[in-house]
Amino acid sequence: MTENQDHRHEIDSQSPEARTEALEDLLVEKGLIDRARIDSLIERFEHDLGPMIGARLIAKAWLEPDFRDRLVADTDQVLQEENVSGAEIEHVEVKANEPGVHNVVVCTLCSCYPWALLGLPPAWYKSPEYRARVVREPRKVLEEMGLPLEADTEIRVWDSSSETRFLVLPERPVGSEHMEIEELTELVTRDSMIGVAKAQAP
Ligand code: FE
């Protein structure tokens, strides 16, 4: 399979809903999947998953330097140890922000995204505009999204694929030094883990 075929999610004027339903019917008919399993998967994405899974990892990384180092060095291993599994995180790399370096994630070809860590991707992440522009003019796009960065901050743009998904490790906000993991987790927004925002200030 070529990379292009691998990424082809949006190729038709027919609505995604209609296409998804047709595909689901076909897979059920062929006995490849059963409908109850699909329903339970959707249920899981809507209710149980979401950015809290990723946020908790980030908060733990803020609290434990050793965990942080391992999370950055070998994300897959840490996810396994933490019993985090699920869709679209077969191989994940964590990119840590630091003073003078800011990371941001895109999928230029479609919408590859670490679902099991962040839940469903936001609509703007899938938009052709974001996908094209954040590579070309990341500083401008981030500023438009409410994240003005210093002129001397280096911006690293990571292009996701079906092989590699990325998660940004935002900097721990000033004023959060006294906080425990539960409170810290609430400061880690989905957008901060995509890299279009900072973690919330306490
Ligand atoms: Fe993609």
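Summarised in this report is the structure supplied together with it.

Calculation notes
- Residues numbered from 1 in each chain as written.
- Predicted model: local features only at pLDDT ≥ 70, side-chain atom pairs only at ≥ 80, totals over all residues.
- Heavy atoms only, no water.
- Helix = DSSP H or I, 4+ residues; strand = E, 2+ residues; numbered from the N terminus.
- Buried < 20%, exposed > 50% of the residue type's maximum accessible area, 1.4 Å probe, protein only.
- Salt bridge = Lys/Arg side-chain N within 4 Å of Asp/Glu carboxyl O.
- Contact = heavy atoms within 4.5 Å.

## Points about unusual backbone geometry
Unusually for a residue other than glycine, Asn83 sits at a positive phi of about 60 degrees. Mapped onto the secondary structure, Asn83 falls in the loop between α6 (75-81) and β1 (92-96). For Asn83, a relative accessible area of 70% gives the class exposed.

## A short note on the pattern of salt bridges
Per the counting criterion, the structure on display carries 11 salt bridges. A salt bridge links Arg70 to Glu81; its shortest N-O distance comes to 2.8 Å. Taken as a pair, Arg70 in helix α5 (residues 65-73) and Glu81 in helix α6 lie far apart in primary sequence, 11 residues in all. The class for Arg70 is partly exposed, based on a relative accessible area of 32%. Connected via shared salt-bridge partners are Glu129, Arg133, Glu137, Lys140 and Glu144.

## Observations regarding the environment of Lys198
Within the secondary structure, Lys198 sits in the segment after α12 (190-194). Given a relative accessible area of 53%, Lys198 falls into the exposed group. Residues Lys198 and Asn97 lie 101 residues apart in sequence; the distance between their C-alpha atoms is 9.6 Å. Non-local contacts of Lys198, meaning those with residues more than four positions away in its chain, are made with Leu147, Thr189 and Ser192.

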